[in-house]
Amino acid sequence: MKAEPARQWRLLDLAELDTRLDQIAHRLRSSDEQRAVDAATQRRQALDTDLVLTRTAVSDVQREIKRAEDEVQMVRDRMTRNQARLDSGQGTAKDLQAMQHELESLHRRQGTLEDLELEVMERAEEHQSTLDRLEARASELQSELDEATTARDRLVRDLESEREQVTGRREGIAAGVGGDLLGLYTKVREQVGGVGAAALRQRRCEGCHMELNNVDLGRIRSAADDEVLRCEECRRILVRTAESGL
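All values reported here derive from a predicted model rather than from experimental measurement.

With that settled, the discussion passes to the pattern of salt bridges. Under the criterion given, the structure shown has 28 salt bridges. Here Glu4 ties to Arg7 by a salt bridge, and the two come within 3.1 Å at their closest N and O atoms. A salt bridge links Arg44 to Asp48, with the shortest nitrogen-to-oxygen separation between them at 2.8 Å. A residue pair is termed a helical-turn pair when its members lie 3 or 4 positions apart in one helix, as Arg44 and Asp48 do in helix H2 (residues 32-88) at 4 residues. Under the relative-accessibility criterion, Asp48 is labelled partly exposed at 28%. Residues joined in a network through salt bridges with shared partners are Asp18, Asp22, Arg170 and Arg189.

Let's shift gears to helix H3 (residues 93-177). The first and last C-alpha atoms of H3 sit 120 Å apart over 85 residues, in line with the 126 Å expected at 1.5 Å per residue. At the C-terminal side of H3, Gly178 shows a positive phi close to 100°.

Counting through the fold element by element, Asp18 comes out in helix H1 (residues 5-30). With a relative accessible area of 2%, Asp18 lands in the buried category. Within the structure, the side chain of Asp18 is placed 2.5 Å from the side chain of Arg170, a separation counted as a polar contact. Setting aside its immediate chain neighbours within four residues, Asp18 contacts Arg170, Tyr185, Arg189 and Val195.

Structurally, the position occupied by Gln110 is in helix H3. Taking relative accessible area as the criterion, Gln110 reaches 15% and is therefore assigned buried. Apart from residues no more than four positions distant in its own chain, Gln110 is found in contact with Val75, Arg76 and Met79.

Pairing between sheet strands relies on hydrogen bonds along the backbone, with the strands arranged either parallel or antiparallel. Strand order in the open sheet formed by 4 strands is E2-E1-E4-E3, and the pairing between neighbours is mixed. Because the sheet does not close on itself, it has two edges, and the strands there are strand E2 (204-205) and strand E3 (229-230). Sheet analysis places E3 next to strand E4 (residues 237-240), joined by 2 bridges and oriented antiparallel. Opposite Arg230, over in E4, you have Ile237 as the bridge partner. The strands that helix H4 (residues 179-192) touches are strand E1 (197-201), E3 and E4; relative to E4, the one it contacts most, it runs at about 125°.

Turning next to the nonpolar core. Among soluble globular proteins, nonpolar side chains are generally buried collectively. Of all hydrophobic cores here, the largest spans 15 residues; its most connected members are Leu11, Leu181, Tyr185, Ala197, Val228 and Ile237. Sorting the residues of this core by element identifies H1, H3, H4 and E4 as the ones contributing at least two each. Ranked by residues supplied to this core, first place goes to H4 with 4 residues. When neighbours within four sequence positions are excluded, Ala197 is seen to be in contact with Leu11, Ala15, Tyr185, Arg236, Ile237 and Val239. Among the nonpolar cores identified, the runner-up in size contains 11 residues, and Leu212, Ile220, Cys231 and Leu238 belong to it.

Rules and cut-offs
Residues numbered from 1 in each chain as written. Predicted model: local features only at pLDDT ≥ 70, side-chain atom pairs only at ≥ 80, totals over all residues. Heavy atoms only, no water. Salt bridge = Lys/Arg side-chain N within 4 Å of Asp/Glu carboxyl O. Helix = DSSP H or I, 4+ residues; strand = E, 2+ residues; numbered from the N terminus. Buried < 20%, exposed > 50% of the residue type's maximum accessible area, 1.4 Å probe, protein only. Expected span 1.5 Å × (residues − 1). Polar contact = N/O pair within 3.5 Å; in protein donor to acceptor, adjacent residues only side chain to side chain. Contact = heavy atoms within 4.5 Å. Pairing = 2+ DSSP bridges. Axes fitted to C-alpha atoms, helices over the stretch in contact; angles between N-to-C directions. Core = buried A, V, L, I, M, F, W, Y, C linked by side-chain atoms within 4.5 Å.

This is how it looks when you write it as structure tokens:
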């Protein structure tokens, strides 16, 4: 392929811009800011699972307390009625004696139920304490996540803005390269990855950083200025400059 040296030199500018576009794309995919958001999100999600379990435990124990309170109140009401009948002296001696025994049994039952109620209330306090601690931690993690997200979004905005500017400059340079040379550059870029053209500087290809041997250097010296050359090692378009060392 033939292309004026000026068109070939533009490929170096194009390669520099493509390198920057690749760097921007990489930062957008795997920035420290995004990793910080991912880590904060994972911590928050793990804590959310603990929060759901603890809130469920608090809800369950509150229902236990309500049942215990209801049972204690039922015993107290029964004791109040029986005591009132005893105090009134109504009924036969046998009935009053049976009622007295029942009152004693109800007293013991009340003590047992109140002990159970106390145990349930202690568990409720433990669950509530755990819930308070988890909710405080959730607030901290949410702040961390918000800060990480803000930093990530700021980076994305900056990179997107730079990418738009670089893309605009690239379009201007690509227009001066010419369709035939640009097509070859694009094809090489797809094949080798990264940029599709590199400068020959001090007898070294800046694409693969390999120093050319004397045979290749002789071939390049004898080539016409408008001849489009390729590096024998990396197959990138090799652009000659004043610093090629030929």
